[in-house]
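# Examining the three-dimensional arrangement
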Amino acid sequence: MIRKLLVILLIFNLTACAELQQVVNQLPQGTGTIGNADIASGLRQALDLGIDKQVSKLTQTDGFFKNDLVKILLPEELQKVDKALRDIGLSKLADEGLKVLNRAAEDAVKEATPIFIDAVKGITFADAKSILLGHDDAATQYLISKTQTALYDKFNPVIKNSFDKVGADQIWNNLINKYNAIPFTNNVNPDLTDYVTGEALKGVYTMIAVEEKDIRTKVSSRTTNLLKKVFALQD
């Protein structure tokens, strides 16, 4: 009897300490229940939904500029330029300077979808298990690991071209010249292409993470039967 109790306690302790990952490894794979392929498909569907619903918004006019979650502001070392211009009544000029940064990001994000689609197609069940039972942004983190370099390479030249197209060089030259003309300031002459590229990437991943968290935490956001079945496993 004591031996049986010890066995039961041992099983209980092992179960209590087992990671959720191990539980998912034992999920049934046969017909009539959710299988490995369904879990991977459900995660692909969730990411596709985030890309379609959220990333597409960023490509629209003011998709960045009027979205407080992703609006691109000046880098810290240039925020003094923005403040100084506003302090002397040049708020409109400062707004134009910010707007062109955000417009460039909106142009660049149009290049993202094909890269995301390829990454989403590549999700395997091994990926899916860890993603499903990960943090609220685990799927987004997967996309970051698979797409960040490729997206940077795509975004950077688009942002540079966008700056040229909207006259960002002229606007920033005007801004900086006005700032440099203010007495007792240190002259600045920034190259913002790399900075805006990085901020555009952050914005894209932020919006995908928003949609992922909604699907994970709100049953109402699971708009297909597959999403409901798959994400019920992590509830």
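Residues numbered from 1 in each chain as written. Predicted model: local features only at pLDDT ≥ 70, side-chain atom pairs only at ≥ 80, totals over all residues. Heavy atoms only, no water.

As recorded in an unreviewed UniProt entry, the chain goes by the name DUF4197 domain-containing protein, listed as coming from Thalassobellus suaedae.

## Digging into the overall build of the chain
A count of helices and strands for the chain gives eleven helices and zero strands. Helices and strands in the chain line up, N terminus first, as α-α-α-α-α-α-α-α-α-α-α. In the chain, buried positions account for 42% of the 235 residues. Residue pairs in contact within the chain that sit at least 24 positions apart in sequence constitute 81% of those at least 6 positions apart. Total accessible area computed for the chain in this model is approximately 13,200 Å², and 54% of it derives from carbon and sulfur atoms. (Helix = DSSP H or I, 4+ residues; strand = E, 2+ residues; numbered from the N terminus. Buried < 20%, exposed > 50% of the residue type's maximum accessible area, 1.4 Å probe, protein only. Contact = heavy atoms within 4.5 Å. Areas by Shrake-Rupley, 256 points an atom, 1.4 Å probe, with all protein chains shown as cover.)

## Quick word on the side chain of Ser 162
Topologically, Ser 162 is positioned in helix α8 (residues 138–165). What makes Ser 162 buried here is its relative accessible area of 3%.

## Focus: the side chain of Asp 107
On the secondary structure map, Asp 107 appears in helix α5 (residues 91–109). Accessibility expressed as a relative area gives 16% for Asp 107, which makes it buried. At a separation of 2.8 Å, a polar atom in the side chain of Asp 107 contacts the side chain of Ser 162. Setting aside anything within four residues of it in sequence, one finds Asp 107 in contact with Val 158, Ser 162 and Lys 165. (Polar contact = N/O pair within 3.5 Å; in protein donor to acceptor, adjacent residues only side chain to side chain.)

## Brief notes about the nonpolar core
Judged by nonpolar contacts, the single largest core of 67 residues is most densely connected at Leu 101, Phe 116, Phe 155 and Trp 172. Sort the elements by how many residues they give to this core and α8 lands first, with ten residues. Every residue in contact with Phe 116, bar those within four places of it in the chain, is listed here: Ile 51, Val 55, Leu 143, Thr 147, Leu 151, Val 204, Tyr 205 and Ile 208. (Core = buried A, V, L, I, M, F, W, Y, C linked by side-chain atoms within 4.5 Å.)

## A word on the pattern of salt bridges
One pass over the full model with this rule turns up twelve salt bridges. Close ionic contact of Lys 83 with Asp 87 constitutes a salt bridge, the shortest N to O distance being 2.9 Å. Here Lys 83 and its partner Asp 87 are both found in helix α4 (residues 79–87), four residues apart, which amounts to about one turn of the helix. With relative accessibility at 51%, the residue Lys 83 sits in the exposed group. By relative accessible area, which is 53% here, Asp 87 ends up exposed. Between Glu 199 and Lys 202 there is a salt bridge, and its shortest N-O distance comes to 3.1 Å. (Salt bridge = Lys/Arg side-chain N within 4 Å of Asp/Glu carboxyl O.)

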